[in-house]
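Observations on chain architecture
Listed here are the chains, written in short residue letters.
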Amino acid sequence: MQPAGRVILFILFFGIAAGALNAQEVKLPDTLDLKKLRFTQNKFVNNIFQQAVNSVTRTPEANADESYLNGKSEDSYLPYQGRIIRHIFIEPYGFNWSFYDTSARDNSRAAKIGSKLHHTTRRFVIRNNLFIEENTRLNAFMLADNERHIRSLEFIQDARILVNEVPGTSDSVDVTVYTKDLFSIGGGGGSNGLNHISINLYDANFVGMGQRVEISGLYDYNRSPNFGYGALYRKTNIGHSFIDGTAGYTVMNMSDYTLEEEATEYVSLSRRLVSPYSRFAGWLTISHNESHNAYNTPDSNLLEYKYNLFDLWAGYNLGIRKLTDDINSKRDRKFLALRYYNRFFTDIPFQVNNRFNPVFNSSQALLAQITLFRQDYYKTQYIYGFGTTEDLPYGYKVAVTAGWHKQLSMERPYAGLNVTKYIATPKGDFIEAYLRTGGFLYNSKIQDGGLLFGAILFSRIHFWNSTKIRQYINASYTQLYNRVTTAPLAINNFYGLRGFLSDSAVGGQRISLQLETEFFLHFKILGFQFAPFPYIDMSLLTPEHGSFSKSSFYTSVGGGVRARNEHLIFETIELRAYFFPVAPQDMSGFKVILNANIRYRYSSNFIAAPDLVQLNNY
C-alpha cells in the first residue's frame, strides 16, 4: 500500500514470449472423447453454477436468477458416496468465459486483447492438484475438499467438480472438474510526483503452468542509490507433491518490524494440509535480511541490523492410515507437529544494545504441538468476494503447544493453548469464536503471560431490492501479565483500530469492537463491482501498570468503498476515509487511504505452525 496522498497510476498488462505461449502440455490419458462427454451432459453443462445450486439451499430472498450458494460443500456428492470413479475429466475455462453460460464469453475488445496475453491453465496443472483418483470409491467429503483446494489457487477464480452417473451402471460415475481462470497478468504502480515512482509487474500463472513470476522497481530522488529492484519466482505444487516453492530477492523490502528499508534474499518450501485426508504438512524458510541507509537517515536515528532466519516445521496426521479407505467419512483428526526456528542477529542497533527487545533480540525455539480438529465447509458468497464462491469453515480446532524458548541469554519453557470454534447457523450467519493463552515459566513464576479471546461474525445476507447487505462484527479482549521480553499491547493491529498507524498507544489490557456494514451493489462499471460501507471501531486501552479507571478510550469512524473485478487477479481495491477523534501527536486525526491489496477470500487452514500466542496480530 502506498502512503496516504499517493495515487495508483495504472494497472499494466505485459506480453508473454511467443515461444512460451506454445510450450507443450503434458498429454492426458485418452479415456473418453470430451465432445461425447459434453453431449451426454448437455442438459446442464451450459450452466455449471445451476447444477451446483440444485443441491444446496437457495436463500429465499434471492431473485430467481441469483446463483446464491449457502450449503454444505459435500451435500451434492453424498448421493454418490461409495460409487466407483470411472473417469476424471478436466475442463479449464479462460477468464473471459462464464460459469453461468459456458457457451457465452466476453467478446469485448479488452477481453480479446487479454485473451492474446493470457494462457488458460493447462489440464495437467489442474490434474496435479487432484487428490481423487480413477478406479477408487468416491468419498463425498474428499471430493468437496478437492474442489475447495482448487478454488484456493491464486490463479483460479472458481471451480466446480460435477459427478455424472454412467448410463447402464448403478455403481460407477464419471467426474468432471471445471475451472475458471483469473486473468493472471497484472501489475501496479504509485507515484508522489516525479520524485518517487514505483512499479510492480507479475504473472501469477505464467504460461498456464501454475507459476508466478514477479518483478518490481523503484525510483526515488531522495534515495541512495536512486533505483531499487526486486524479483520473485513461485511454483505451485511441485511435481504433484502439493509443495509450493518460492525464491526471491529485493533491495527495497519494508521491514515488518521497523520503518527501515531492507535487503532480503529468501527461499521457502511449504506444504499445507489441503484436506483432513492429507498426511503431512510443514514449511522450510531460509532468509538473510539487513537494513541499509537508503534515505540518508542520521546515524543517531538509524537502526542498523543484520539477521539470518532458519524456520522449519513438520507435522503428521495421526491415525490417518486407518481413515483413508475409499468411503470413510470420519472427519475428527489428531495432528502432531514440531517446529524449530532460529532468528540470529549478527548486527544489532546500538540503541538496543543488550536490553530485552521483542524485535531486535536473537531468539530460537523448539516447539511441539498436538491439534485436535474437525473442519468442514459451507459454500457461500459475498464475504470478501463479489459473487464468486467462497468457502467458510464450520467445526473446531484445539491446539496445545509446549516447548523451549531462548531470547538473548534467557531460556524458559513455554506452554500455550489455542481453541477455535467455527459456527455456521442454519440461516447463514458465520461465527469464529477463539481463545488463545500462553506464557513462560521462569523461577517458578509465569512471565509474558497472555490471554486473548473474542469472536468474529459475518451476518446472513439481507436483501434491499437488488443490493445485498452483510454485517461484520469483531469483538475481542486481551490481557498481558508480567511482561518481561514481549511487546506491550497495541491498537495499531487487527485487534485494535483499523488505520491507526501510531505505536505510541500501548498498555497491558485491551478491549476492542469493530462494526462494519457492507452494501454489495448490483451494477458494474467496466466489469468492476462496488461495495460501499460505513464503519466504527472502538478500543479501551488500560496502562500496563495502571488501574482500569486510568484506561484511554480510542475510536475511529468513517467509511469507504471497495471495488473488484472478479475476472482479474488484482485483489480488492479499497478507498477508506478515517476519522480519529482522539489521535496521538505523531498521527493525523483524519486521512484517506487507497489500498489495493485487500484479502478477498476467507482464509482458514486446518493446521498452522506451532507458535507462541500472538496478541498483536491475527
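To start, this report covers the structure provided alongside it. (Residues numbered from 1 in each chain as written. Predicted model: local features only at pLDDT ≥ 70, side-chain atom pairs only at ≥ 80, totals over all residues. Heavy atoms only, no water.)

Describing the overall build of the chain
The number of helices and strands found in the chain is six helices and 29 strands. In the chain, 63% of the contacts between residues at least 6 apart in sequence involve partners at least 24 apart. With an accessible surface of roughly 28600 Å², the chain has 58% of that area assigned to carbon and sulfur atoms. (Helix = DSSP H or I, 4+ residues; strand = E, 2+ residues; numbered from the N terminus. Contact = heavy atoms within 4.5 Å. Areas by Shrake-Rupley, 256 points an atom, 1.4 Å probe, with all protein chains shown as cover.)

Focus: the packing of aromatic side chains
Counting across every chain of the model gives 29 aromatic pairs. When the ring of Tyr305 is compared with that of Tyr307, the centres are 6.2 Å apart and the planes differ by 20 degrees; the resulting orientation is stacked. Since its relative accessible area comes to 6%, Tyr307 is described here as buried. Summarising the aromatic geometry, the rings of Phe345 and Phe360 are spaced 6.1 Å apart at their centres and angled 70 degrees between planes, so their arrangement reads as edge-to-face. In this pair, Phe345 is assigned in strand β14 (residues 333-347) and Phe360 in the loop between β14 and β15 (363-380), connecting sequence segments 15 residues apart. (Phe/Tyr/Trp six-rings, centres within 6.5 Å; stacked < 30°, edge-to-face > 60°. Buried < 20%, exposed > 50% of the residue type's maximum accessible area, 1.4 Å probe, protein only.)

Let's talk about the nonpolar core
Judged by nonpolar contacts, the single largest core of 30 residues is most densely connected at Tyr77, Ile88, Leu138, Val163, Val175 and Val177. The set of elements that each furnish at least two residues to this core consists of β3 (84-93), α5 (123-128), α6 (140-152), β4 (156-165) and β5 (172-181). It is α6 that contributes the most residues to this core, six residues altogether. The contact partners of Val175, leaving out residues within four places of it in the chain, are Ile85, His87, Ile88, Phe89, Ile132, Leu138, Ile161, Leu162 and Val163. Counting 15 residues, the second-largest nonpolar core is a separate cluster that includes Tyr378, Ile383, Leu392 and Leu452. (Core = buried A, V, L, I, M, F, W, Y, C linked by side-chain atoms within 4.5 Å.)

Regarding the pairing of strand β27 (residues 552-564)
Consecutive side chains along a regular strand alternate between the two faces of the sheet. With 13 bridges connecting them, strand β26 (residues 528-542) and β27 associate as antiparallel partners. Across the sheet, the residue bridging to Pro534 is Gly559, located in β27. Examined bridge by bridge, β27 and strand β28 (residues 572-579) share seven bridges and lie antiparallel to one another. By the bridge assignment for β28, Ala563 is matched with Ile573. (Pairing = 2+ DSSP bridges.)

Overview of α6
Given a rise of 1.5 Å per residue, 13 residues ought to cover 18 Å, and the 19 Å separating the end C-alpha atoms of α6 matches this to within 8%. Taking burial as the measure, the 13 residues of α6 include twelve buried ones, the bulk of the element. Among the structural elements, α5, β4, β5, β15 and β16 (390-407) are those in contact with the buried residues of α6. Looking at where α6 begins, the residue whose side-chain oxygen comes 3.0 Å from the main-chain nitrogen of Phe141 is Asn139. (Expected span 1.5 Å × (residues − 1). Polar contact = N/O pair within 3.5 Å; in protein donor to acceptor, adjacent residues only side chain to side chain.)

Digging into the side chain of Ser539
With respect to the helices, strands and loops of the structure, Ser539 is situated in strand β26. Looking at Ser539, its side chain comes within polar contact range of the side chain of Ser512, at 2.7 Å. When residues no more than four places from it in sequence are discounted, the contact partners of Ser539 are Ile491, Tyr495, Gly496, Leu497, Ile511, Ser512, Ser552, Phe553 and Tyr554.

Examining the pairing of strand β10 (residues 244-254)
Pairing analysis gives six bridges linking strand β9 (residues 227-235) to β10, with the strands arranged antiparallel. In the sheet register, Tyr233 faces β10, and the bridge partner there is Ala247. Bridge count between β10 and strand β11 (residues 261-271): nine bridges; the pairing is antiparallel. By the bridge assignment for β11, Asp244 is matched with Ser270.

What about the pattern of salt bridges?
Considering all chains together, one arrives at 29 salt bridges under this definition. Here Asp311 makes a salt bridge to Arg339, at a shortest N to O gap of 2.7 Å. Placement of Asp311 in strand β13 (residues 306-318) and of Arg339 in strand β14 is noted, with a sequence separation of 28 residues between them. Each of the two residues, Asp311 as well as Arg339, counts as buried. Its salt-bridge partner being Asp537, residue Arg498 comes within 2.7 Å of it at the nearest N-O pair. (Salt bridge = Lys/Arg side-chain N within 4 Å of Asp/Glu carboxyl O.)

A closer look at helix α4 (residues 109-117)
For α4, the complete set of buried residues consists of Ala111, Gly114 and Leu117. Relative to the axis of α4, the buried residues are bounded by an arc of 115 degrees and lie together on one face. In α4, the exposed positions angled more than 90 degrees off the buried face are occupied by Arg109 and Lys116. (Arc of directions from axis to C-beta.)

Here's the deal with the side chain of Glu147
Inspection of the secondary structure assignment puts Glu147 in helix α6. For Glu147, a relative accessible area of 2% translates into the label buried. Once you skip the residues sitting within four places of it in the chain, Glu147 turns out to touch Tyr77, Ala159, Arg160, Ile161 and Lys379.

Brief notes about a nonpolar patch on the surface
On the surface, Leu318, Leu336, Ile370, Leu372, Val400, Leu417, Leu435 and Phe453 cluster together into a nonpolar patch covering about 580 Å² of accessible area. Inspection of the secondary structure assignment puts Leu318 in strand β13. (Patch = residues over 30% accessible without salt bridge, like charges linked within 9 Å, V, L, I, M, F, W, Y side chains within 5 Å.)

Some points on unusual backbone geometry
For the peptide bond that leads from Ser224 to Pro225, omega is 0 degrees, which places it in the cis range. On the secondary structure map, Pro225 appears in the loop between β8 (211-220) and β9. Unusually for a residue other than glycine, Asn443 sits at a positive phi of about 55 degrees. Relative to the elements of secondary structure, Asn443 occurs in the loop between β18 (430-442) and β19 (445-458). With phi around 50 degrees, Asn482 is a residue other than glycine that occupies positive phi space.

What about the environment of Val166?
Of note, Val166 is situated in the loop between β4 and β5. In sequence terms Val166 and Arg86 are 80 residues apart; their C-alpha atoms lie 8.6 Å from each other. For Val166, the contacting residues outside a window of four places in its chain are Arg86, Ser172, Val173 and Asp174.

Examining the environment of Phe530
Looking at the secondary structure, you find Phe530 in strand β26. Spatially, the C-alpha atom of Phe530 lies 6.2 Å from that of Phe520, the residues being ten residues apart in sequence. Apart from residues no more than four positions distant in its own chain, Phe530 is found in contact with Phe386, Phe519, Phe520, Leu521, Phe523, Ile525, Val561, Arg562 and Ala563.

Comments concerning the sheet that holds β3
Two modes of strand pairing occur in sheets, parallel and antiparallel, and in both the strands are linked by backbone hydrogen bonds. The three strands are arranged β3-β5-β4 in an open sheet whose pairing can be described as mixed. Pairing within the sheet leaves two strands with one partner each, and these edge strands are β3 and β4. Taken pair by pair, the neighbouring strands of this sheet meet at an average axis angle of 15 degrees, ignoring direction. For β3 and β5, the ladder comprises nine bridges, and the chain directions are parallel. Looking across to β5, one finds that Ile84 is bridged to Ser172. (Axes fitted to C-alpha atoms, helices over the stretch in contact; angles between N-to-C directions.)

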